[in-house]
Amino acid sequence: MSALRRFEQFMEQMVEGSVARIFRSTIQPVEIARRLEKAMESNQTISVKRVIVPSSYRAFLNPQDFAIFQPVRQQIEQELATYLSELAAERNFTMLDHPRVVITEDPAVPRRSIQVEAEMRDNQSDQPTMTMIMQSDRAPGRSSGAFFLLQIGNAPQALPIATTTVTIGRGLDNDIILEDTRVSRKHAQLRYRQRRFWLTDLGSTNGTFVNGERISERALRDGDVVSLGGLELTFREG
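The structure contained in this document is the topic of the report that follows. (Residues numbered from 1 in each chain as written. Predicted model: local features only at pLDDT ≥ 70, side-chain atom pairs only at ≥ 80, totals over all residues. Heavy atoms only, no water.)

## Describing the side chain of Asn62
Part 1 of the reasoning: The topology assignment puts Asn62 in the loop between strand S3 (56-61) and helix H3 (63-69).
Part 2 of the reasoning: What makes Asn62 buried here is its relative accessible area of 9%.
Part 3 of the reasoning: A distance of 3.0 Å separates the side chain of Asn62 from the backbone nitrogen of Gln64, its partner in a polar contact.
Part 4 of the reasoning: The residues touching Asn62, leaving out its near neighbours within four places in the chain, are Asp106, Pro107, Val109, Pro110 and Arg111. (Helix = DSSP H or I, 4+ residues; strand = E, 2+ residues; numbered from the N terminus. Buried < 20%, exposed > 50% of the residue type's maximum accessible area, 1.4 Å probe, protein only. Polar contact = N/O pair within 3.5 Å; in protein donor to acceptor, adjacent residues only side chain to side chain. Contact = heavy atoms within 4.5 Å.)

## With respect to the nonpolar core
Part 1 of the reasoning: Core analysis: the largest hydrophobic core is formed by 29 residues, its most contacted members being Ile32, Met40, Tyr57, Leu80, Tyr83, Leu84 and Ile103.
Part 2 of the reasoning: Listing elements by their share of this core, those giving two or more residues are helix H1 (3-13), helix H2 (29-42), S3, H3, helix H4 (73-90) and strand S5 (100-105).
Part 3 of the reasoning: For this core, the element with the most residues is H4, which contributes 7 residues.
Part 4 of the reasoning: For Tyr57, the residues in contact, after removing those within four places along its chain, are Leu36, Ala39, Met40, Leu84, Met95, Arg100, Val101, Val102, Glu117 and Ala118.
Part 5 of the reasoning: Counting residues in hydrophobic clusters, the runner-up holds 22 residues, among them Phe148, Leu150, Leu199 and Val210. (Core = buried A, V, L, I, M, F, W, Y, C linked by side-chain atoms within 4.5 Å.)

## Some words on H4
Part 1 of the reasoning: In this model, H4 (18 residues) spans 25 Å end to end at C-alpha, consistent with the 26 Å of a helix rising 1.5 Å per residue.
Part 2 of the reasoning: Residues of H4 that are buried: Arg73, Ile76, Glu77, Leu80, Ala81, Tyr83, Leu84, Leu87 and Ala88. For H4, the angular spread of buried residues about the axis comes to 160°, placing them on one side. What points out from H4, more than 90 degrees from its buried face, is the exposed set Gln74, Gln78 and Ala89.
Part 3 of the reasoning: Count one or two residues on from H4 and you reach Asn92, which has phi positive near 60°. (Expected span 1.5 Å × (residues − 1). Arc of directions from axis to C-beta.)

## Things to note about the sheet that holds S3
Part 1 of the reasoning: Taken in spatial order, the 3 strands line up as S5-S3-S6 in an open sheet, and their pairing is mixed. Each edge of the open sheet is held by one strand with a lone partner, namely S5 and strand S6 (114-119). Here the average twist between neighbouring strands, direction ignored, is 20°.
Part 2 of the reasoning: When S3 meets S5, the two strands line up parallel, connected through 6 bridges. Bridged to Tyr57 within S5 is Val101.
Part 3 of the reasoning: Against the sheet, H2 touches S3, S5 and S6, its axis set at about 40° to S6.
Part 4 of the reasoning: Contacts from H4 reach S3 and S5, with the element oriented near 140° to S5. (Pairing = 2+ DSSP bridges. Axes fitted to C-alpha atoms, helices over the stretch in contact; angles between N-to-C directions.)

Shown next as structure tokens:
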């Protein structure tokens with residue numbers, strides 16, 4: 001049985017007494033579930049070995065619509081969180097924390113509408129070391145074919161450099177996310193200028209090195225070995 005069908009069955013069981021008025025509302029709980037699903041799908045962080053999705057969700061309703069849900073809001077929130085957890089498992093998604101759903105009111109939301117915000121909780125310091133690639137929302141720069149190579153087990157993993165400015169670090173707001181405790185949350189920045197890629201250390205704790213030499217800024221050449229606190233990547237430029 002799918003996660004959505006289990007949620008629908010739970011809501012069907014709630015159709016008793018005063019709770020039944022929810023099902024006469026202009027907004028159905030399953031509609032909120034589908035909007036949360038869409039938010040999950042739209043906020044993926046693509047990883048080398050997994051796909052990470054947000055674990056914190058807020059659904060905003062018009063105050064009049066919200067008032068109908070208020071008596072059983074907490075119970076529905078808990079079931080929606082369970083639904084998202086099961087949905088993530090069905091689709092082989094990873095959450096960095098147990099999902100949390102909050103239904104709240106916002107006068108700016110029109111009647112019969114639902115607005116959803118999804119947020120990635122940054123609780124990754126205790127996670128296993130791995131490398132993730134986050135797609136940047138910025139417009140791509142020159143099509144250089146440049147990339148970093150990271151050795152994972154016996155197979156090298158290519159980390160494409162898709163924009164003219166790329167931030168690298170452990171935090172989820174970077175373009176290349178290196179989930180490694182040796183790497184600072186904002187470790188380094190790669191910028192294309194003067195027809196070359198320049199690597200700049202961003203005040204990292206363990207330092208940025210190129211071919212074994214600690215740098216504050218350095219132009220990279222094809223084949224240079226970059227070390228971020230001990231995590232090594234090879235710069236390749238086609």
